[in-house]
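# Examination of the molecular architecture
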Amino acid sequence: MRRTSIVPVMLAVALAVGACNSSTSAPRTVTFTNTVTGATGATGTGTAGSGGSVTVVPPSGSATGTAGTTAATRTTATRTAATTTAPSTTKSSAAPFEKVDPLSVSCALLLTQSDIKKALGATVPSGSVRVKDVADPERGVTGKARCRFGSTDGGKTGKVTVLLTTYNNAASAAKQVTLTRSSEEDLGATSSAATVRGYPARILLRDGGLIVLQYDTWTLSVVAADKLASADKLTSGLPLLAEQVLARILKNA
């Protein structure tokens with residue numbers, strides 16, 4: 001009787017030891033919950049009755065598995081990428097174009113001797129001379145006029161010149177701005193970006209300087225003669241003169 005009672009006990013102990021020493025797989029506990037409700041199971045750490053969750057306890061006994069960590073990392077990365085790639089909402093400060101004819105405005109209304117003095121620190125003779133140019137269909141030019149300020153040779157030259165050119169479309173006007181920039185830069189001009197009433201412009205300094213910009217289907221340039229002002233004065237002052245000319249064209253055209 002004693003032997004019969006001992007054998008089952010020894011057999012149970014042997015089976016227990018063998019299970020502990022087995023190298024086929026580490027023991028783990030898997031708990032299934034049959035109730036399926038909301039999104040609670042998305043945490044990966046639910047318990048019975050928590051709503052459709054499955055908890056796997058790894059051999060170390062930790063309640064958080066690698067798969068749960070990876071999913072969390074992917075979610076964070078996705079949100080970060082969405083924030084990083086969000087489109088810019090920067091708005092331009094320029095007003096919509098107005099349909100005007102810049103060639104209809106008198107030169108006397110565009111600039112004064114006082115305007116030039118304030119912007120460039122240079123004193124020029126008063127008065128202006130208008131020089132009308134011809135159209136150039138090959139370049140899309142429909143009209144052109146030069147307003148020379150401070151001229152002492154009947155309008156052949158000027159201390160400051162405003163050049164207005166109209167085109168048959170905006171693309172031709174933009175092309176001319178690009179051509180003027182590249183031509184001046186090829187000749188060694190120092191080039192810098194500027195804005196005139198919110199519209200992009202280009203300052204080009206070489207034997208004096210000029211600023212050029214496109215407005216709708218026409219272009220506006222303000223040219224300062226050589227040695228009229230320093231490079232710093234031209235860089236700061238030419239945009240001011242261009243702003244005054246553009247504002248007066250829009251007011252009086």
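Look up a bit, the structure's there.
The structure contained in this document is the topic of the report that follows. Each chain has its residues counted from 1, following the order in which its sequence is written. Local features in this predicted model are restricted to residues whose pLDDT is 70 or higher, and side-chain atom pairs enter the listing and the counts only when it is 80 or higher, whereas totals over whole chains, interfaces and linings include all residues. Hydrogens and water are ignored here; the side-chain numbers use all heavy atoms of the structure.

### Regarding the environment of K233
Helix and strand assignments follow DSSP, with helices taken as H or I runs no shorter than four residues and strands as E runs no shorter than two, numbered in order from the N terminus. When you line up the elements, K233 lands in helix α5 (residues 231-252). Other than its neighbours up to four places away in sequence, K233 contacts A119, L120 and L238. The contact rule is simple, with two residues in contact once any of their heavy atoms fall within 4.5 Å.

### Overview of the side chain of T165
Looking at the secondary structure, you find T165 in strand β5 (residues 160-167). If we skip the residues at most four places from it in the chain, T165 touches V141, G143, K144, T217, W218 and T219.

### Some details on the packing of helix α3 (residues 113-120) against α5
The angle between two axes is taken between their N-to-C directions and runs from 0 to 180 degrees, where each axis is a line fitted to C-alpha atoms and a helix contributes only its stretch in contact. Packing of α3 against α5 leaves a shortest axis separation of 8 Å and a crossing angle of 145 degrees. At the point where α3 passes α5, the crossing takes the right-handed sense. Contact with α3, carried on its side by D115, I116, A119 and L120, involves K233, L234, G237, L238, L240, L241, Q244 and R248 of α5 and no other residues of that element. Classification used: nonpolar for Ala, Val, Leu, Ile, Met, Phe, Trp, Tyr, Cys and Pro, charged for Asp, Glu, Lys and Arg, polar for all others including Gly. Split by residue class, the contact of α3 with α5 holds seven nonpolar, two polar and three charged. The crossing is said to be left-handed when, going from far helix to near helix, the turn is anticlockwise and less than a right angle, and right-handed when the turn is clockwise.

### Digging into the sheet that holds strand β4 (residues 141-149)
The seven strands lie next to each other as β3-β4-β5-β9-β8-β7-β6, forming an open sheet whose pairing is antiparallel. In this open sheet, the two strands that pair with only one neighbour each are β3 (128-133) and β6 (190-196). For this sheet, the mean angle separating the axes of adjacent strands, direction not counted, is 20 degrees. Sheet topology places β4 next to β5; eight bridges connect them, and they run antiparallel. Following the sheet pairing, A145 is matched in β5 by L164. Contacting β5, β6, β7 (199-205), β8 (209-215) and β9 (218-224), helix α4 (residues 170-186) runs over the sheet at an angle of about 160 degrees to β8. Lying on the sheet, α5 is in contact with β5, β6, β7, β8 and β9; it crosses β9 at an angle near 140 degrees. The pairing criterion for strands is at least two bridges between them, as found by DSSP.

### Quick notes on the pairing of β9
To sort residues, take the accessible area from a 1.4 Å probe on protein chains only and compare it with the maximum for the residue type: under 20% means buried, over 50% means exposed, and anything in between is partly exposed. For β9, the buried fraction is high: six of the seven residues fall into the buried class. As judged from the seven bridges shared by β5 and β9, these two strands associate in the antiparallel manner. Bridged to V160 within β9 is A224. Here seven bridges tie β8 to β9, and the two strands are oriented antiparallel to one another.

### Considerations on the environment of L163
For L163, the position within the fold is in strand β5. Along the sequence, L163 and V212 sit 49 residues apart, while their C-alpha atoms lie 9.1 Å from each other. Not counting chain neighbours up to four residues away, the residues in contact with L163 comprise K144, A145, R146, T219, L220 and S221.

### Regarding the packing of aromatic side chains
Side-chain rings of Phe, Tyr and Trp, where Trp is taken by its six-membered ring, are said to pair if the distance between their centres is within 6.5 Å; with planes under 30 degrees apart they count as stacked, over 60 as edge-to-face, and otherwise as tilted. Applying the stated rule across the entire model yields four aromatic pairs. Between the aromatic rings of F97 and Y199, the centroid separation amounts to 5.5 Å while the plane-to-plane angle is 20 degrees, which identifies the pairing as stacked. In this pair, F97 sits in the loop between α2 (66-84) and α3 while Y199 sits in strand β7, placing the two residues 102 residues apart along the sequence. Here the aromatic rings of F97 and Y215 are separated by 4.7 Å at their centres, their planes lie at 65 degrees, and the arrangement is edge-to-face. Of the two residues, F97 sits in the loop between α2 and α3 while Y215 sits in strand β8, which places them 118 residues apart along the sequence. With a relative accessible area of 43%, F97 lands in the partly exposed category.

### Concerning the nonpolar core
The definition of a nonpolar core used throughout is a set of buried Ala, Val, Leu, Ile, Met, Phe, Trp, Tyr and Cys residues joined through side-chain atoms within 4.5 Å. Counting 37 residues, the largest nonpolar core has L110, L120, V162, I211, L220 and V222 as its most contacted members. Counting residues per element, the ones that place at least two in this core are α3, β4, β5, β6, β7, β8, β9 and α5. Of the residues forming this core, the biggest block, eight residues, is contributed by α5. Setting aside its immediate chain neighbours within four residues, V162 contacts L110, L111, A145, R146, C147, F149, L220, S221, V222 and V245. By size, the runner-up hydrophobic cluster in this structure holds five residues, among which are V177, A189, L204 and L210.

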